[in-house]
Amino acid sequence: MTASLPALIVIDVQRAFDEWEAAGRRRNNPDAVARIVDLLKAFRANRAPIFHIRHEGTKPNSSFLPSRSGYAVKDEAREQDGEPVIVKRVNSAFIGTDLETRLRASNIATLVICGATTNHCVETTTRMAGNLGFDACLVRDATWTFDRIGPDGEAHSAEQIHAMTLSNLNGEFARIVTADEAIASFAAK
C-alpha cells in the first residue's frame, strides 16, 4: 500500500481575530495568513486533502456566533468546492466532530496543522492528533496568538506564548515545521 498524502488542517482562520486586532489586541506572526495561503496553494496543486475547521461560539457574547460577522472565514483562506468544512464548538477539532473518522477512512496518517490560535485551538487539536497516533506537523509560521495576562497578573507577549506552545508540543505531540518545509515535502515524494 502506498503512503497517502498529508492532509492540511486549517483551524479557525475567521474574521473574529481581525476584529480582536481592530479592538486593540496585539498578535504575533503578522504573515501567518499569507503562509496559510501558500500552504493552501501547495496542497491544492498536489491534490492533497484539505480540511477547514471553523469555530462556532456557544456563549451569548462570542465573536464566533454564526449570526456575527466574526464567524466568517477570511476570504483568502476560504474553502474551495470539495474541501470539507468541519464545525467545532470546543477548542479541539476532534471533539464533537467527524474529523478523525474522515481521516481514518481516507488512510491519512500525516496532518499539517495551521491556523489560530497557537495556544488554544491549534494546540489542543495538535495534542489530540499526536495522542491519536497521527504524525502531526505544526507549521510555526502559519499560526498566531495574542498577548495575554496570566492568572498572577503578569503580561505575556504573543511571541512568548507562541514560543512556549511550540516548545511544549515539539517532539512529543508534533514536529514543528515551517510552511516552506511542509511545502518542500511534496517534492520529496
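Structure's up top.
Residues numbered from 1 in each chain as written. Predicted model: local features only at pLDDT ≥ 70, side-chain atom pairs only at ≥ 80, totals over all residues. Heavy atoms only, no water.

**Q** Explain the pattern of salt bridges to me, using residue names and the numbers behind them.
**A** According to the stated counting rule, one finds 16 salt bridges in the structure shown. Arg-26 is the partner of Asp-147 in a salt bridge, and the nearest nitrogen-oxygen pair spans 3.0 Å. Here the residue Asp-147 occupies a position in the loop between strand 5 (135–144) and strand 6 (148–149), and Arg-26 occupies one in the loop between helix 1 (16–22) and helix 2 (32–45), the gap between them amounting to 121 residues. The partly exposed category is assigned to Asp-147, whose relative accessible area is 29%. Measuring nitrogen to oxygen at the nearest pair gives 3.8 Å for the salt bridge that ties Lys-74 to Glu-76. (Salt bridge = Lys/Arg side-chain N within 4 Å of Asp/Glu carboxyl O. Helix = DSSP H or I, 4+ residues; strand = E, 2+ residues; numbered from the N terminus. Buried < 20%, exposed > 50% of the residue type's maximum accessible area, 1.4 Å probe, protein only.)

**Q** Account for the packing of helix 2 against helix 6 (residues 179–187), naming residues and giving values.
**A** When two helices pack together, their arrangement is given by the angle between the helix axes and the distance between those axes. Put simply, helix 2 and helix 6 touch, their axes get as near as 10 Å, and they point 5° apart. Taken together, the axes of helix 2 and helix 6 lie roughly parallel to each other. Every residue of helix 6 that contacts helix 2 at Arg-35, Asp-38, Leu-39, Ala-42 and Phe-43 is listed here: Ala-179, Ala-182, Ile-183 and Phe-186. Looking at side-chain class alone, the contact of helix 2 with helix 6 contains 7 nonpolar, no polar and 2 charged residues. (Axes fitted to C-alpha atoms, helices over the stretch in contact; angles between N-to-C directions. Parallel < 35°, antiparallel > 145°, perpendicular 65-115°, else oblique. Contact = heavy atoms within 4.5 Å. Nonpolar A, V, L, I, M, F, W, Y, C, P; charged D, E, K, R; others polar.)

**Q** Kindly report on the environment of Ile-176, identifying the contributing residues and their values.
**A** Structurally, Ile-176 is set in strand 8 (residues 175–177). Along the primary structure Ile-176 and Ser-67 are separated by 109 residues, whereas in three dimensions their C-alpha atoms are 35 Å apart. Leaving out residues up to four positions away in the same chain, Ile-176 has contacts with Leu-138, Arg-140, Leu-166, Leu-169, Asn-170 and Glu-181.

**Q** So what's going on with unusual backbone geometry? Residues and values would help.
**A** Residue Thr-117 is reached from Ala-116 by a cis peptide bond, and omega for that bond is -15°. Here Thr-117 is to be found in the loop between strand 4 (110–116) and helix 4 (118–131). Its identity is not glycine, yet Arg-47 carries a phi of approximately 55°, on the positive side. Counting through the fold element by element, Arg-47 comes out in the loop between helix 2 and strand 2 (50–55).

**Q** Provide a residue-level description of the layout of surface pockets, including the pertinent values.
**A** If you add up the space inside the largest pocket, you get close to 440 Å³. Looking at the lining of the largest pocket, the elements that each hand over two or more residues are helix 1 and helix 4. Here the element with the most residues in the lining of the largest pocket is helix 4; it accounts for 3 residues. Residue classes in the lining of the largest pocket are distributed as 7 nonpolar, 10 polar and 5 charged. (1 Å grid on protein atoms, 1.4 Å probe; cavity = no way out; pocket = protein on both sides within 12 Å on 5 of 7 lines; lining within 4 Å. Points joined across faces, edges and corners; volume = space filled by probe spheres on them.)

**Q** Got a sec to walk through the nonpolar core? Specific residues and values, please.
**A** Within the largest apolar cluster, 29 residues are counted, with the highest numbers of intra-cluster contacts made by Leu-8, Val-10, Ile-36, Leu-39, Phe-43 and Trp-144. The element contributing the most residues to this core is helix 2, with 7 residues. Ignoring any residue separated from it by four or fewer positions in sequence, one finds Val-10 in contact with Ile-36, Leu-40, Ile-50, Phe-51, His-52, Ile-53 and Cys-114. (Core = buried A, V, L, I, M, F, W, Y, C linked by side-chain atoms within 4.5 Å.)

**Q** I'd like a rundown of the sheet that holds strand 4, residues and numbers included.
**A** Ordered in space as 3-2-1-4-5-8, the 6 strands form an open sheet in which the pairing is parallel. This sheet does not close on itself; its edge strands, each paired only once, are strand 3 (85–88) and strand 8. For this sheet, the mean angle separating the axes of adjacent strands, direction not counted, is 25°. Sheet topology note: the strand 1 (residues 7–11)/strand 4 ladder contains 5 bridges and is parallel. Looking at the pairing, Ile-11 lines up with Gly-115 of strand 4. The sheet strands contacting helix 5 (residues 158–169) are strand 5 and strand 8, and the helix crosses strand 5 at an angle near 175°. The strands touched by helix 6 within the sheet are strand 4, strand 5 and strand 8, with strand 8 carrying the most contacts at an inclination of about 100°. (Pairing = 2+ DSSP bridges.)

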